[in-house]
Amino acid sequence: MPNAFDLSDDRAYRSWRARKLDQDPPLSEQLAVEIRRLSEPSQAERAALRERVAAYNVALVRVRPEDVTPEAILALGRALGLTRTDDNLFADDRAVSRIAAAPQLPRGREPAPANRADFIPYTNKPLRWHTDGYYNAPEDQVLAWTLFCARPAREGGVNSLLDPEVAYIRLRDATDSHIAALAHPEALRIPPNWQHGRLIRPDSVGPVFSIRDGYLHMRYSARARNVIWRSSAETTAARDALTQLFSVGDAFTLTHRLAAGEGFITNNVLHSRTGFSDGDTVASQRLLYRVRYRERIR
Ligand SMILES: [Fe+2]
C-alpha cells in the first residue's frame, strides 16, 4: 500500500506533497465558515468546516459573539464527532479551559494544585510555537482542539498557525534524516512537572512526528527550557531546521487575530501567540475558551 510517510516510498510522498502544495496558502477569508447557531451547525455548515479541515487541518468559525459559550463550543465539537475531551490542568469539569491573563493569586488560592499565572498560556506574554499537549503521554496525545474568542484583548494576542503536514514537507524536502530523527521514539523528552512539591504530571518521552491511523501527528514545543531533545547530531539538525522554519516564516502560515465570535477548529496544528495587553474594563480583557480532544476531526 502506498504510504506518503514512509521514507522508502518516495512516489507516494511526491504525489501527496504535490496535492498539499497545489493548494493556495491559507487565508482567513477562505477558511472562514459562518455558523448560524454554534451549538447546532447545519449539515451544509458542517460540510464546509470539514472541507477546510481536510485541506488545511484548520477552519475559522464565525458566529454571533453572544453564541460563544462553553456549552455551545462543546456541542459544536460533538457535531463534528469530537467526544473524547482531554482533561488538562486548569480545565473545568467539562474540560473547557478559560484562556485569559490570570492575576497572581497567593499560593493555595486556586482550586488546582498550581497557580495559573505561573504558566505562560495564562499570562499576557507571547507563546512560542507548539502543538497542544506535547507534555501528554504518547498514548494520550491531543489530536484536535477548538479555541473560541469571547473577548479580544485591547491590543495584541495575534495567533499564527502552521499545518504540521507543511512543516513535515519542508523538513523532508531538506533531508530524510530530519524526519528519521524526529520520528525517533525518544526524540523529545518533557521533564515531570513539580509544583510546590506536588507532581502535576510525570515526564513525557516520545517522537515529534508520528503516524496515527494513517495521519501525521506532531508533538512539538519551541521552548528552550523544560524540554530535552535527544542528544544526536541528526536531532539537533532537525530541531534547528524547525527553528529556522519558524523564524523565516512559511508561505502557508496563517496569521489571524481572533475577534469576538471567532474560533479555530483544528487537528492540533502548530501555533504561536503574540503578547497582548488588556484594558481596564472587563470588556477589553482577553477571554478565549479552549477544548482539547484525543481524536481528530474527520
Ligand atoms: Fe496551544
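Residues numbered from 1 in each chain as written. Predicted model: local features only at pLDDT ≥ 70, side-chain atom pairs only at ≥ 80, totals over all residues. Heavy atoms only, no water.

Naming follows an unreviewed UniProt entry, where the protein chain appears as TauD/TfdA family dioxygenase of Thiorhodococcus minor.

Participant: In this structure, what is going on with the pattern of salt bridges? I would like to understand it.
Facilitator: Opposite charge on two side chains makes pairing possible when the charged atoms of those side chains draw close. Taken as a whole, this structure holds 18 salt bridges when the rule is applied. Here Asp-92 makes a salt bridge to Arg-94, at a shortest N to O gap of 2.6 Å. The exposure class assigned to Asp-92 is partly exposed, which follows from its relative accessible area of 25%. Note that Arg-154 and Glu-155 form a salt bridge whose closest N and O atoms lie 4.0 Å from each other. In the salt-bridge network here, residues are joined through shared partners; they are Lys-20, Asp-163 and Glu-165. (Salt bridge = Lys/Arg side-chain N within 4 Å of Asp/Glu carboxyl O. Buried < 20%, exposed > 50% of the residue type's maximum accessible area, 1.4 Å probe, protein only.)

Participant: Teacher, can you tell me more about the environment of Asn-115 here?
Facilitator: In this structure, Asn-115 sits in the loop between β3 (96-99) and β4 (127-130). Look at Asn-115 and you get buried, because its relative accessible area is 2%. Separated by 12 residues in sequence, Asn-115 and Pro-103 have C-alpha atoms that sit 9.3 Å apart. (Helix = DSSP H or I, 4+ residues; strand = E, 2+ residues; numbered from the N terminus.)

Participant: Explanation requested: helix α1 (residues 10-21) in the structure shown.
Facilitator: Within an α-helix, residues lying three or four positions from one another point in the same direction, as the helix has 3.6 residues per turn. Over its 12 residues, α1 extends 16 Å from the first C-alpha to the last, a length consistent with the 16 Å expected when each residue adds 1.5 Å. Looking at the buried residues of α1, the elements they touch are α3 (43-56) and α5 (164-174). (Expected span 1.5 Å × (residues − 1). Contact = heavy atoms within 4.5 Å.)

Participant: How should I be thinking about unusual backbone geometry in this particular structure?
Facilitator: When glycine is set aside, most residues are seen to have a negative phi, and most peptide bonds are trans. The phi dihedral of Asp-213 falls on the positive side, at around 50°, and the residue is not glycine. Relative to the helices and strands, Asp-213 resides in the loop between β12 (209-212) and β13 (215-218). A positive phi angle is found at Asn-268, which is not glycine, with a value near 45°. Its relative accessible area of 1% is what places Asn-268 among the buried residues.

Participant: Help me understand the nonpolar core, please; the structure alone is not making it clear to me.
Facilitator: General note: in soluble globular proteins, nonpolar side chains tend to be found buried as a group. Core analysis: the biggest nonpolar cluster contains 53 residues, and Leu-162, Leu-242 and Phe-264 have the highest contact counts within it. Apart from the residues within four sequence positions on either side, Leu-242 is in contact with Ala-167, Leu-171, Leu-182, Met-218 and Tyr-220. (Core = buried A, V, L, I, M, F, W, Y, C linked by side-chain atoms within 4.5 Å.)

Participant: Whenever I open this one, the packing of aromatic side chains confuses me. Can you help?
Facilitator: Within a pair of aromatic rings, the relevant descriptors are the distance that separates the centres and the angle that separates the planes. Taken as a whole, this structure holds 12 aromatic pairs when the rule is applied. Aromatic pair Tyr-13 and Tyr-168: ring centres 6.3 Å apart, planes at 65°, arrangement edge-to-face. Here Tyr-13, found in helix α1, pairs with Tyr-168, found in helix α5; they are 155 residues apart in sequence, far enough to count as distant. The pair Tyr-13 / Tyr-168 is uniform in exposure class, with both members buried. When the ring centre of Tyr-13 is taken as origin, the NZ or CZ atom of Arg-172, which lies over that ring, is 3.9 Å away. The aromatic ring of Phe-276 is capped on one face by Arg-286, whose charged end is 5.0 Å from the ring centroid. (Phe/Tyr/Trp six-rings, centres within 6.5 Å; stacked < 30°, edge-to-face > 60°. Lys NZ or Arg CZ within 6 Å of the ring centre and 35° of its normal.)

Participant: In this structure, what is going on with the sheet that holds strand β17 (residues 270-273)? I would like to understand it.
Facilitator: Note on sheets: strands pair through backbone hydrogen bonds, and any given pair is parallel or antiparallel. Pairing in this open sheet of 4 strands is antiparallel, and the strands run β4-β17-β7-β15 from one edge to the other. Here the strands that pair on one side only, and so sit at the sheet edges, are β4 and β15 (254-256). When strand polarity is set aside, the average angle formed by the axes of neighbouring strands in this sheet is 15°. Note that strand β7 (residues 159-162) and β17 share 4 bridges and pair antiparallel. Of the residues in β17, the one forming a bridge with Leu-161 is His-271. (Pairing = 2+ DSSP bridges. Axes fitted to C-alpha atoms, helices over the stretch in contact; angles between N-to-C directions.)

Participant: Where do I start with the packing of α1 against α5 in this structure?
Facilitator: One can describe the packing of α1 onto α5 by two numbers: an axis separation of 11 Å at closest approach and a directional angle of 130°. Here α1 is positioned oblique relative to α5, judged by the angle of their axes. For the pair α1 and α5, the sense of crossing is left-handed. Residues Asp-10, Tyr-13, Arg-14, Trp-16, Arg-17, Lys-20 and Leu-21 of α1 pack against Glu-165, Val-166, Tyr-168, Ile-169, Arg-170, Arg-172 and Asp-173 of α5. (Parallel < 35°, antiparallel > 145°, perpendicular 65-115°, else oblique. Left-handed = near helix turned anticlockwise from the far one by under 90°.)

Participant: Help me understand the side chain of Ser-28, please; the structure alone is not making it clear to me.
Facilitator: Tracing the backbone through its elements, the reader meets Ser-28 in helix α2 (residues 28-31). Those residues in contact with Ser-28 that lie beyond four places of it in its chain are Leu-60, Leu-254, Thr-255 and His-256.

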